[in-house]
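# Residue-level structure breakdown
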Amino acid sequence: MSLLPTLTEKLARARADLRLGLGVVLSGGGDAVVAIAAEVVDNTRLNDLRALGTLELALTARRAQTLKARAYDGDLARVRVPSDVDRRWVRALADPADDLMHPMKGPLHCARGGNADLHRAALTLAKQAQVLPAILVVRIVGAAKFASDHDLTAIDVDQAADLLHASPAMAEVVHARLPMTVSEAGRLHIFRPEDGSVEHYAVEIGQPARDKPVLARLHSACFTGDILGSLKCDCGPQLNAALAQMAEEGSGVLLYLNQEGRGIGLANKMRAYSLQDQGFDTVEANHRLGFEDDERDFEIGAAILREMGFDQARLLTNNPNKIKMLEHSGITVTERVPLKVGLTRHNEGYLATKARKSGHLL
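Residues numbered from 1 in each chain as written. Predicted model: local features only at pLDDT ≥ 70, side-chain atom pairs only at ≥ 80, totals over all residues. Heavy atoms only, no water.

Rule in force here: UniProt positions are given in the numbering used here, feature names are shortened, and annotations may be inferred rather than shown by experiment.
For the chain, the name recorded in an unreviewed UniProt entry is GTP cyclohydrolase-2, with Actibacterium atlanticum as its organism. If you open the UniProt record of the chain and go to Function (unreviewed entry), you find "Catalyzes the conversion of GTP to 2,5-diamino-6-ribosylamino-4(3H)-pyrimidinone 5'-phosphate (DARP), formate and pyrophosphate." Regarding the chain, the UniProt comment filed under Sequence similarities (unreviewed entry) reads as follows: "Belongs to the GTP cyclohydrolase II family."

## Topic: the pattern of salt bridges
Note the threshold: Any carboxyl oxygen of Asp or Glu within 4 Å of a side-chain nitrogen of Lys or Arg constitutes a salt bridge here. In DSSP terms, a helix is any run of H or I states spanning at least four residues, a strand is any run of E spanning at least two, and both are numbered starting from the N terminus.
Evaluation of the coordinates by the stated rule reveals 21 salt bridges. Across the salt bridge formed by R80 and E56, the nearest N and O atoms sit 3.6 Å from each other. A residue pair is termed long-range when its members are at least 10 positions apart, and R80 in strand β4 (residues 76-80) and E56 in strand β3 (residues 55-60) qualify at 24 residues. Between K145 and D149 there is a salt bridge, and its shortest N-O distance comes to 2.7 Å. Residue K145 and its partner D149 are both found in helix α6 (residues 143-150); the two are separated by 4 residues, about one turn of the helix. Counted as one network, the salt bridges with shared partners bring together E39, R91, D95 and R271.

## Considering the UniProt feature "binding site: Zn(2+)" (unreviewed entry) in the chain
Selection rule: Burial classes follow relative accessibility: with a 1.4 Å probe on protein chains only, a residue under 20% of its type's maximum area counts as buried, one over 50% as exposed, and anything between as partly exposed. In this description, contact between two residues means that some pair of their heavy atoms is separated by no more than 4.5 Å.
Within this numbering scheme, the UniProt entry marks C222, C233 and C235 as carrying the feature "binding site: Zn(2+)" (unreviewed entry). Examined against the element boundaries, C222 turns out to sit in the loop between β10 (214-220) and α8 (223-227). Taking relative accessible area as the criterion, C222 reaches 2% and is therefore assigned buried. With residues up to four places along the chain from it excluded, the contact list for C222 reads I227, C233, C235, Y256, E260 and K269. Its location among the elements puts C235 in helix α9 (residues 235-249). When sequence neighbours within four positions are dropped, the list of residues in contact with C235 reads H219, C222 and D226.

## Quick look at the nonpolar core
Filter applied, for reference: Remark: nonpolar core denotes a set of buried residues (Ala, Val, Leu, Ile, Met, Phe, Trp, Tyr, Cys) joined through side-chain atoms within 4.5 Å.
Counting 40 residues, the largest nonpolar core has V25, V34, L57, V79, W89 and L136 as the members making the most contacts within it. Per-element accounting of this core gives the leading share, 4 residues, to helix α4 (residues 87-94). Counting 25 residues, the second largest nonpolar core, distinct from the first, contains V33, L123, V157 and A160.

## Examining the sheet that holds strand β12 (residues 312-316)
Quick reminder of the rule: Only strands that DSSP links by at least two bridges are regarded as paired with each other. Helix axes are fitted only over the stretch in contact, all axes being lines through C-alpha atoms; the angle between N-to-C directions runs from 0 to 180 degrees.
Strand order in this open sheet of 7 strands is β7-β8-β9-β11-β10-β12-β13, and the pairing throughout is mixed. Each edge of the sheet is formed by a strand with only one pairing partner; in this case those strands are β7 (170-177) and β13 (332-337). Ignoring which end each strand starts from, the neighbouring axes of this sheet average 25° apart. Where β10 meets strand β11 (residues 252-257), 5 bridges bridge the pair, whose relative direction is parallel. Of the residues in β11, the one forming a bridge with H219 is Y256. Against the sheet, helix α13 (residues 299-307) engages β7, β8 (186-193), β9 (200-205), β10 and β11, with an angle of about 140° to β11.

## Section: the environment of M325
Along the polypeptide, M325 turns up in helix α14 (residues 320-328). The sequence separation of M325 and D297 amounts to 28 residues, and the corresponding C-alpha distance is 8.7 Å.

## Quick look at the UniProt feature "domain: GTP cyclohydrolase II" (unreviewed entry) in the chain
Under the present numbering, the feature "domain: GTP cyclohydrolase II" (unreviewed entry) in UniProt falls on residues 174-338. Annotated as 38% helix and 25% strand, the span residues 174-338 places its first and last C-alpha atoms 31 Å apart.

Structure representation (structure tokens):
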């Protein structure tokens, strides 16, 4: 029946459920689990999970390293949750906010052996939902019946594997003329992913030719820098400088991608800022939270460029990885156009880290 949700729509539900603190049933390879985000679990649901069987907390290897927990599964650790702890213990393992104040979280006993694919899928969903990548997991029998009895979203991970890791298809919703300070010849395009996630935008200046390399900028949303004028990063100055250069040349496309904080979301970005106040650099803060250096998906930008009719670009960037990802996604980058602006005494350490650890050409 066409009214039934597709697998793409079920995955969108699962992400929303994790953000709400609801359980999600994951199955595959003859196994099944219930997964709940550690960040938002309450004591009632924690106890309900514990009543089902042996409870584990899945953590990324990045977070496990901070906690000195053994990541026997390579990219993740499965920490056994003691029977006498409450949500505060779980939250302390998930959130590094108080790590320096209370460094001893153990002893932590980690599971080894067996299949961790469902734990891995749960962590992927958590990252996509932009909650802390720490998931409470308990094995169950009879995934379909359990999900039906408890009115939970159920995902067959084997069937969803490709969708879980693929960039969503993009469709333009609308575009309209938008005169701006830098150029009266502006047009704003709104693109919506088919998986129901956040929309992304393309600011078109002038009428760039589709058969020539377009001056383009892939700009990740930065509420603090673009809107509030934060001095901790160079995002706001880069946004304004890129638009100004496009206006000066008479044409260009700025893709405004809603991937705040290198893809971890604004709340986690603020957690990273708090860790930076404790003395950690940008990359170290991300790792302590359980994320990689950069969780963004630049295929989204390539998809929008293709949808607009472009297959070549002169890319305004200091980040060589953007060039690699665009070219891997079928966009030929004919030139890297440097964008070196926005250095302040507040962000010089941040920019130095980008150059030293992330390979930015600054």
